[in-house]
Amino acid sequence: MPDAIQLMTNLTAATLIGDAPYGLIEDAAIAVADRRIAWVGKRSDLPQDLSARDAVDMGGRLVTPGLIDCHTHLVHGGNRAVEFEMRLNGASYEEIARAGGGIVSTVRATREASEDTLLREALRRADALIAEGVTTLEIKSGYGLDLETELRMLRVARAVMANRPVRVKTSFLGAHAVPAEYKGRDDAYIDEVCIPALRAAHAEGLVDAVDGFCEGIAFSPAQIARVFDMAQELGLPVKLHAEQLSNLGGAAMAAGYGALSADHIEYLDEAGVAAMAKAGTVAVLLPGAFYTLHETRMPPVQALRDRQVPIALATDANPGSSPLTSLLLTMNMGCTLFRLTPEEALRGVTANAARALGLSDVGTIAQAQRAELAVWDIEHPAELSYRIGFNPLHSRIFGEIA
């Protein structure tokens, strides 16, 4: 073992590995060296060279992997509180979008915002997630819909990681909506703006994955496929907003590209579930949008279970359909709205969320994993999904034990 090693004892570890529920290890110990987990197991099984070291007593607390929010739109200008009020007065999400609201209204505000303003506001949202034990999050572009603003959003997303102790993965979402200046010319937008912006963002090292919105109010599967073809050419993985408001077969199409994830998927059919299972595509459920939009069509959770499709949960933090920056509340919503179990919810914001981002070094507590952990003042991991509006985080470990 390295000399520069830190040891935690007197804790319960929810490793999310093995056959035990939650991968629980009672009276556990965790050793950290070089910002990675060097050892984890029962304290009674500590190797002799570790058992002789000074340890940090965790007071019997629960330790889980650091939480992962695998679908967010944290970088944006303005807000859409007025549209929230419109929905409460009876307007549908689609009606608001077709009237010039929705995504397009945020595009206007984002284009007008400086990089400093976008970063300041994004950090406030990121801080809310970090305060709940989040150590990894994804941030999408998609509110610029022109080359300059899409790149600005992605630079800000990278800057969030530079300014906070959190890992950020970026997704290029140029195929999010058709901007006003291209109304009725969807294909021209893809060819003249979206694909050139993707090329430019990739050349600048700003893109980890490529996303799209496949829906009647956004883009067809054929249009998204053209963007995905470019992603493949650039060696970038893909993911997709699919089957949120209708079933266009987007999830199956994305699975054909080996997509990391298909997200929303309330209208996913059996063929789509089968395609995702075959491709290993993660189902990312977004109960915040389901709740905010007063949707009634639930994602096919049991079909996903039956086909052993990994299920992740995320906030979908955005100014319109999910103004949510609490992953703990998202876990509760996943259980109460979608009937996930508390264990499925925890896996959904750790191990399966990591998989949805193409990450293999976080999401579980195991030797050689990054030492990104959350320490909770609770007795059982089900409490993370059970409570509403309560944050039991004791401390967050991001590479080193404080």
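Residues numbered from 1 in each chain as written. Predicted model: local features only at pLDDT ≥ 70, side-chain atom pairs only at ≥ 80, totals over all residues. Heavy atoms only, no water.

Attention now moves to the overall build of the chain. Across its full length, the chain carries 16 helices and 14 strands. The globule rule puts the C-alpha radius of gyration for 402 residues at 21 Å, and the 21 Å found for the chain is close to it. The buried share of the chain, reckoned over its 402 residues, is 58%. Pairs at least 24 apart in sequence give 71% of the contacts found in the chain among residues at least 6 apart. Total accessible area on the chain is roughly 15,400 Å²; 49% of this is exposed by carbon and sulfur atoms. (Helix = DSSP H or I, 4+ residues; strand = E, 2+ residues; numbered from the N terminus. Rg over C-alpha atoms; globule rule 2.2 N^0.38 Å. Buried < 20%, exposed > 50% of the residue type's maximum accessible area, 1.4 Å probe, protein only. Contact = heavy atoms within 4.5 Å. Areas by Shrake-Rupley, 256 points an atom, 1.4 Å probe, with all protein chains shown as cover.)

The subject of this paragraph is the packing of aromatic side chains. Across all of its chains, the model carries 4 aromatic pairs by this definition. Judged by centre distance (5.8 Å) and plane angle (70°), the ring pair of Y182 and Y189 falls under edge-to-face. Assigned by exposure class, Y182 and Y189 land together as buried. Taken together, Y182, Y189 and F219 form an aromatic cluster joined through their ring pairs. The ring of F390 carries R387 above its face, with NZ or CZ at 5.4 Å from the centroid. (Phe/Tyr/Trp six-rings, centres within 6.5 Å; stacked < 30°, edge-to-face > 60°. Lys NZ or Arg CZ within 6 Å of the ring centre and 35° of its normal.)

Before going further, it helps to examine the sheet that holds strand β2 (residues 24-33). Pairing is mixed across the open sheet formed by 6 strands, whose spatial order is β3-β2-β1-β4-β13-β14. Edge positions in the sheet fall to β3 (36-42) and β14 (393-398), since each has one partner strand and no second. The mean angle between the axes of side-by-side strands here comes to 40°, regardless of whether they run parallel or antiparallel. (Pairing = 2+ DSSP bridges. Axes fitted to C-alpha atoms, helices over the stretch in contact; angles between N-to-C directions.)

With that out of the way, let us pick up the nonpolar core. Counting 95 residues, the largest nonpolar core has V160, F172, V210, L285 and L304 as the members making the most contacts within it. When residues of this core are sorted by domain, at least three fall in each of domain 1 (6-65 + 363-398) and domain 2 (67-357). Setting aside chain neighbours within four positions, we find V160 in contact with L119, A122, L123, A126, I139, V166 and V168. (Core = buried A, V, L, I, M, F, W, Y, C linked by side-chain atoms within 4.5 Å. Domains from an automatic or database assignment.)

As for its placement among the helices and strands, D191 is situated in helix α7 (residues 186-203). With relative accessibility at 44%, the residue D191 sits in the partly exposed group. In this structure the C-alpha to C-alpha distance between D191 and Q223, which are 32 residues apart in sequence, comes to 9.7 Å.

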